[in-house]
Amino acid sequence: MFKFSHNDKYKTIAAYSLAVIVSSALIIMGILNFSAVSDAVKKFFGILSPFTYGFIIAYLCNPILIFYEKHLFAFKKAKKDLSKLRRALSLILTVITAIAIIAVLAYAVIPQTVASVNDLGSKLNTYLGELQALADELTVKYSPIFLNTKYESVTHMLKDHEINFDLSSVISNSFVIFKDSFDQILSTGSRIVSEVINILMGIFLAIYFLISKEKLCAQGKKILAALLSRRAYLNTIRLARHTHKTFGGFLIGKIIDSAIIGVLAFICLWILKMPYYPLLAVIIGVTNIVPTFGPIFGGIIGGIIVVIVAPERLLVFVIFVFLIQQLDGNVIGPHILGDSIGISPIWVVIAIILASGLFGFIGMVLGVPAVGVVYTLVKQSCERKLKKKNMPKSTEFYKNDPPITDELDPGQIFIDKDTLIPEITSEDDIPEPLTVKESAGAFKKIAELFKKKTSKGKK
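Since the structure is predicted, the reported quantities are computational estimates derived from the model, not experimental observations.

**Quick look at the overall build of the protein**
- In terms of helices and strands, the protein carries 14 helices and 0 strands.
- From first element to last, N terminus to C terminus, the protein shows the α and β order α-α-α-α-α-α-α-α-α-α-α-α-α-α.
- For the protein, with 459 residues in total, the buried portion stands at 24%.
- Considering only intrachain contacts with a sequence separation of at least 6, the fraction spanning at least 24 residues in the protein is 67%.

Below is the structure:
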């Protein structure tokens, strides 16, 4: 009889080996049955959709609730604890505010937008005929000047240059495809009813989330504290807070910013007597949610509509879009959003391209704050490792490191092991350049110190 002695080391190895084997088997089975796994995942997330809607609605309404609690129902002079009354009253006003916003959109913007789309579709052939006539007129007038040949129409000119292009058919087909897609979406009644039920359930869940948000957060943190070490727990909570600050600041700010731009566009386009101004205002406001590329998309889509309906107003529309985007980019946006993301424009572009390819429109909106969180984590990790190596942390230092004219042999690409390399330390660090706001703050502090010193000298 052999006697096996217990060994914790081998037990750990066996446990890890078993875990690796089981995980590998599950991954292989998932790959071989990808369609079944995909359907199961979709069904699982479909079951969770009311909770998803509830969380999103609660997350968007939470700033309104906080505003009412802090500014309207503070009850600072009350002797008793009125937190429950404060929460109840603030929640009622939050629900009323949300309903009012939806009502304004439903009864003011949506009917006019739908009417504009229907009217544009019914008169599209007339507009295209007028546009074709204008193009033919310009061709007859300017083709002898620029092409040294007089053409009777655009079609004649394109055929003469072996270009087969019919603007009328292209735009008509595009609108037909859009209308068919829209009708197909509306025809899926069962899906719409299902989603409406999920949204209604989500609204009730959102109310519960808002009522018990502190308790739910505390319960979640309690579970994490039980499962993780203290350091891992603190890191998780700090990451969650930073993510909430980044996503919340960006998402809420961008929605408010886009709503302001949409309202301004609605009023200004109405004053300018632009055709289909409700539809154009909605396009400008909705596309403005997407950073960087959104205003460009909105301007192009709106410009196409204006070209079809009233080509002579295109220049006015382009100038208006340019001015309102300058106002948004330099005044409204920075005031509302501030520096909620803190990443350079190139990373914004990369985030939009990657996230839109993976998750569509939602990815275009949420990809930027997601990359902002990842960027911050990578930046802090690099700076932490540089600190351990006693090396400079600022980006300014590495713009000219290593210098082109160093003391090493310029003919060698790779440095030999015997060659001495000049070391750099944290003392060589170059501070990041101050922003205009930081420079003003620093100047203000210096001025205050100077005033204090001069006042002491006078005494």
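**What to know about the environment of Leu-251**
- Residue placement: Leu-251 occurs in helix α9 (residues 230–271).
- Note: C-alpha distance between Leu-251 and Leu-60 (191 residues apart in sequence) is 8.6 Å.
- The residues contacting Leu-251, other than those within four sequence positions of it, are Leu-60, Val-365 and Leu-366.

**Examining the side chain of Asn-288**
- Mapped onto the elements of the fold, Asn-288 is located in the loop between α10 (277–287) and α11 (293–309).
- Classification of Asn-288 by relative accessible area gives buried; the value is 1%.
- For Asn-288, the side chain forms a polar contact with the side chain of Asp-257, separated by 3.2 Å.
- With near-sequence residues (within four places) excluded, Asn-288 lies in contact with Lys-254, Asp-257, Ser-258, Ile-261, Pro-295, Gln-325 and Asp-328.

**Concerning the packing of α10 against α11**
- Relative orientation of the contacting elements α10 and α11 amounts to 165 degrees, with a least axis distance of 8 Å. By the criterion of interaxial angle, the relationship of α10 to α11 is roughly antiparallel. Note that α10 runs across α11; the crossing there is right-handed. Note on element contacts: α11 touches α10 through Gly-294, Pro-295, Gly-298, Ile-301, Gly-302, Ile-305 and Val-306, opposite Leu-279, Leu-280, Ile-283 and Thr-287.
- When grouped by side-chain class, the residues that make up the contact of α10 with α11 number 7 nonpolar, 4 polar and no charged.

**What to know about the packing of aromatic side chains**
- The tally for this structure, following the rule as stated, stands at 3 aromatic pairs.
- For the pair Phe-266 and Tyr-277, a centre-to-centre distance of 5.3 Å together with 65 degrees between the ring planes defines the contact as edge-to-face. With Phe-266 in helix α9 and Tyr-277 in helix α10, the pair connects residues that are 11 residues apart, well separated along the chain.
- According to the relative accessible area criterion, Phe-266 is partly exposed, its value standing at 26%.
- Of the residues examined, Tyr-277 reaches a relative accessible area of 22% and is grouped as partly exposed.

**Some thoughts on the nonpolar core**
- Grouped together as the largest cluster of nonpolar side chains are 19 residues, with contacts concentrated most on Ala-265, Leu-269, Leu-280, Ile-284, Phe-317 and Phe-320.
- Breaking this core down by element, the ones donating at least two residues are α9, α10, α11 and α12 (314–337).
- Ranked by size, the runner-up nonpolar core spans 9 residues in total, among them Phe-250, Ala-351, Ile-352 and Val-365.

**A few points about the pattern of salt bridges**
- Under the counting rule described, the total for this entry stands at 4 salt bridges.
- Linking Lys-254 and Asp-257 is a salt bridge whose minimum nitrogen-to-oxygen distance equals 3.9 Å. Of this pair, Lys-254 and Asp-257 are both found in helix α9, 3 residues apart, which corresponds to roughly one turn of the helix.
- Given a relative accessible area of 9%, Lys-254 falls into the buried group.
- Looking at Asp-257, the relative accessible area reads 0%, which means it is buried.
- Through salt bridges that share partners, Glu-69, Arg-87 and Glu-214 make up one connected network.

**Observations concerning α11**
- Between the first and last C-alpha of α11 there are 25 Å, a value that for 17 residues agrees with the 24 Å anticipated at 1.5 Å per step.
- If you check which residues of α11 are buried, you get Gly-294, Pro-295, Gly-298, Gly-299, Gly-302, Gly-303, Ile-305, Val-306, Ile-308 and Val-309.

**Remarks on the confidence of the model for the protein**
- Mean pLDDT over the protein stands at 76; residues scoring 70 or higher make up 74%.
- Of all the helices and strands in the protein, helix α14 (residues 436–458) carries the lowest mean pLDDT, 52, while helix α8 (residues 213–227) carries the highest, 90.

**Some details on the packing of α8 against α9**
- Running from N to C, α8 and α9 cross one another at 145 degrees; their axes reach a closest spacing of 9 Å. In this structure, α8 contributes Lys-221, Leu-224 and Ala-225 to the contact, and α9 contributes Tyr-233, Thr-236, Ile-237 and Arg-241.
- Grouping the amino acids of the contact of α8 with α9 by side-chain chemistry returns 4 nonpolar, 1 polar and 2 charged.

**Some thoughts on a nonpolar patch on the surface**
- Where nonpolar side chains cluster on the molecular surface, the patch consists of Val-196, Ile-199, Leu-200, Ile-203 and Phe-204 and spans about 450 Å² of accessible area.
- Note on placement: Val-196 falls in helix α7 (residues 189–211).

**A few points about unusual backbone geometry**
- At Lys-273, a position not held by glycine, the phi torsion is positive, near 55 degrees.
- Relative to the elements of secondary structure, Lys-273 occurs in the loop between α9 and α10.
- What makes Lys-273 exposed here is its relative accessible area of 69%.
- The residue Asn-390 is not glycine, and still its phi comes out positive at about 55 degrees.
- Tracing the chain through its elements places Asn-390 in the loop between α13 (345–388) and α14.

**Considerations on α9**
- Taking 1.5 Å per residue as the helical rise, α9 with its 42 residues ought to reach 62 Å, and the 61 Å between its terminal C-alpha atoms agrees with that figure.
- A positive backbone phi angle near 55 degrees is found at Lys-273, which sits one or two residues after α9.

**Some words on a positive patch on the surface**
- A cluster of like positive charges, contributed by Arg-384, Lys-385, Lys-388 and Lys-389, occupies part of the molecular surface.
- Its place among the elements puts Lys-389 in the loop between α13 and α14.

What counts and what doesn't
Residues numbered from 1 in each chain as written. Predicted model: local features only at pLDDT ≥ 70, side-chain atom pairs only at ≥ 80, totals over all residues. Heavy atoms only, no water. Helix = DSSP H or I, 4+ residues; strand = E, 2+ residues; numbered from the N terminus. Buried < 20%, exposed > 50% of the residue type's maximum accessible area, 1.4 Å probe, protein only. Contact = heavy atoms within 4.5 Å. Polar contact = N/O pair within 3.5 Å; in protein donor to acceptor, adjacent residues only side chain to side chain. Axes fitted to C-alpha atoms, helices over the stretch in contact; angles between N-to-C directions. Parallel < 35°, antiparallel > 145°, perpendicular 65-115°, else oblique. Left-handed = near helix turned anticlockwise from the far one by under 90°. Nonpolar A, V, L, I, M, F, W, Y, C, P; charged D, E, K, R; others polar. Phe/Tyr/Trp six-rings, centres within 6.5 Å; stacked < 30°, edge-to-face > 60°. Core = buried A, V, L, I, M, F, W, Y, C linked by side-chain atoms within 4.5 Å. Salt bridge = Lys/Arg side-chain N within 4 Å of Asp/Glu carboxyl O. Expected span 1.5 Å × (residues − 1). pLDDT = per-residue confidence, 0-100. Patch = residues over 30% accessible without salt bridge, like charges linked within 9 Å, V, L, I, M, F, W, Y side chains within 5 Å. Areas by Shrake-Rupley, 256 points an atom, 1.4 Å probe, with all protein chains shown as cover. Lys, Arg positive; Asp, Glu negative; His and termini not counted. Charge placed at Lys NZ, Arg CZ, Asp CG, Glu CD.

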